[in-house]
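# Structural description and commentary
This is what each chain is made of:
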Amino acid sequence: MLSKVGPDAEAGWSVPGIAVRLLAVIALFGAYALGWVRAMAVRPTATSSIDIKQTLKELSELTGLLDKVIDTNVTGATPLPVLYGHIHMAKTGGTSLNGLLANKFERVCGHKGYSYDAYADNERAKKEKEAGKRVTTHPFGQEWSRSRVNPAVMKMTGYENCDYISHEESWSFWKTKFGEKRFHGMAMELHVPCRSPIDHLMSQCNFRHKALRCAGLSDEEFFRAIDSCMVMLDRFGRDLLNSFTVRCFDFRQQFTKYIDHMAGILQRRRLESTPYIKRETNRPRNKTSECIWGDQPMYAKAEAYLISKYDYYKFCDKCMGSADEITRNTTITD
């Protein structure tokens, strides 16, 4: 797992760049060795053993420095101290986020796209859009594609060459695979997108092709209708807080502040396909037909129910605005 070392990291890949750095280090070693030989020739014998030990220690430290110089300049990157995981909650823009990150940065591994072929996949999407086609994660009617990777293929490929992993599995996937540093002894930081509970609820109802009624329902019927709209909220579970550092971000800021945050961590790709073409996963939504926006008592009742029942909304309610929010200085509103 590697990250960028600076904007000029690619310079280290050039043959002249590597040669110049290696020659500089060799010259440094030569000068150091010559100075050591001369010093030994004039120093008293009684203190030479102490001087030799000190010199050998310094040479050992210099050798370690050489290893780092060669590694940095030949590869253009250094290892990340932790892995990053994106818990892709349904209907929070995660398909586009995964695709954008894979297109911009190296070693992004996700159900909705990998870095290594993101360029070609986005070029394909651009041609489809130019031809007037609706761009989805199911090109040519296929169940799986490079914009929607088969989870079985992800499992078979493994995550050893990933810096950032985006997945749509149950929360237990993260704990079983990466919890307690069981993945090669590496720590993982999980990132959770947070959306206004009511806006998220209505987006899920739209996905389920359901209309949430505001009148003529008992509380029990209303809550049951809310539950019927939920889309895989088991992707987050409070037990994750016991095994990982878990941070949140405002889903409205994911393509600006959140990507800027990750840009300071992940390594930029050499080539990026622009503009990124959004893959459509939802039918158009008409908010004016949603009664809850004009019914404040039902709005408040639904919001309180969601936060009290579901771990995801409870986590977001506590995390947003706290030091654990990556996109701080914004407030979560509708």
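In the block above lies the structure referred to throughout.
All of these numbers come straight from a predicted model, not from anything done at the bench. (Residues numbered from 1 in each chain as written. Predicted model: local features only at pLDDT ≥ 70, side-chain atom pairs only at ≥ 80, totals over all residues. Heavy atoms only, no water.)

## Digging into the sheet that holds strand S6 (residues 164-167)
Pairing in this open sheet of six strands is mixed, and the strands run S5-S4-S6-S3-S7-S8 from one edge to the other. In this open sheet, the two strands that pair with only one neighbour each are strand S5 (113-114) and strand S8 (245-250). Pairing analysis gives two bridges linking strand S4 (residues 108-110) to S5, with the strands arranged antiparallel. Looking across to S5, one finds that Cys109 is bridged to Tyr114. Sheet strands touched by helix H3 (residues 94-104): strand S3 (82-87), S4, S5, S6 and S8. Its angle to S4, the strand with the most contacts, is close to 150°. (Pairing = 2+ DSSP bridges. Helix = DSSP H or I, 4+ residues; strand = E, 2+ residues; numbered from the N terminus. Contact = heavy atoms within 4.5 Å. Axes fitted to C-alpha atoms, helices over the stretch in contact; angles between N-to-C directions.)

## Focus: the side chain of Arg269
Within the secondary structure, Arg269 sits in the loop between helix H9 (254-263) and helix H10 (296-309). An unpaired buried charge is present at Arg269: no salt bridge exists, and Glu106, the closest side chain of opposite charge, is 4.6 Å distant. From its side chain, Arg269 meets the backbone oxygen of Asn103 in a polar contact 3.4 Å long. Setting aside chain neighbours within four positions, we find Arg269 in contact with Ala102, Asn103, Lys104, Phe105, Glu106, Ser115, Tyr116, Ala118 and Tyr119. (Buried < 20%, exposed > 50% of the residue type's maximum accessible area, 1.4 Å probe, protein only. Lys, Arg positive; Asp, Glu negative; His and termini not counted. Salt bridge = Lys/Arg side-chain N within 4 Å of Asp/Glu carboxyl O. Polar contact = N/O pair within 3.5 Å; in protein donor to acceptor, adjacent residues only side chain to side chain.)

## Some thoughts on the packing of aromatic side chains
A full pass over the atoms with the stated rule returns 14 aromatic pairs. Grouping aromatic residues by their ring pairs yields a cluster made of Tyr159, Phe173, Trp174, Phe178 and Phe183. For the cation-ring pair, Lys287 lies above Trp293, with the distance from its terminal atom to the ring centre recorded as 4.4 Å. (Phe/Tyr/Trp six-rings, centres within 6.5 Å; stacked < 30°, edge-to-face > 60°. Lys NZ or Arg CZ within 6 Å of the ring centre and 35° of its normal.)

## Focus on the state of the cysteines
Taken as a whole, this structure holds five disulfides when the rule is applied. Sulfur-sulfur distance for the disulfide between Cys109 and Cys162 comes to 2.1 Å. As the torsion about the S-S bond is roughly -100°, the Cys109-Cys162 disulfide counts as left-handed. With a gap of 53 residues between them, Cys109 in strand S4 and Cys162 in the loop between helix H5 (151-157) and S6 connect regions that are remote in the sequence. By relative accessible area, Cys162 is classed as buried at 1%. The partner cysteine of Cys205 in its disulfide is Cys229, sulfur to sulfur 2.1 Å. Classification of the bridge connecting Cys205 and Cys229 rests on its S-S torsion, roughly 105°, and on that basis the disulfide is right-handed. With a gap of 24 residues between them, Cys205 in helix H7 (residues 197-207) and Cys229 in helix H8 (residues 219-229) connect regions that are remote in the sequence. Each member of the pair, Cys205 as well as Cys229, carries the same accessibility label: buried. (Disulfide = S-S within 2.5 Å.)

## Section: the nonpolar core
Grouped together as the largest cluster of nonpolar side chains are 49 residues, with contacts concentrated most on Trp174, Phe178, Leu201, Ile226 and Phe236. For this core, the elements supplying multiple residues, two or more each, are S3, helix H6 (171-178), strand S7 (187-194), H7, H8, S8, H10 and helix H11 (311-319). At six residues, the largest contribution of residues to this core is made by H10. Setting aside anything within four residues of it in sequence, one finds Phe236 in contact with Ile87, Met89, Trp171, Val192, Val246, Asp311, Tyr312 and Phe315. (Core = buried A, V, L, I, M, F, W, Y, C linked by side-chain atoms within 4.5 Å.)

## Quick look at the packing of H10 against H11
Here H10 crosses H11 at 100°, and the two axes come no closer than 5 Å. Between H10 and H11, the angle is such that the two are roughly perpendicular. Every residue of H11 that contacts H10 at Leu306, Ile307, Ser308 and Lys309 is listed here: Asp311, Tyr313, Lys314 and Asp317. Its residues placed into classes, the contact of H10 with H11 shows three nonpolar, one polar and four charged. (Parallel < 35°, antiparallel > 145°, perpendicular 65-115°, else oblique. Nonpolar A, V, L, I, M, F, W, Y, C, P; charged D, E, K, R; others polar.)

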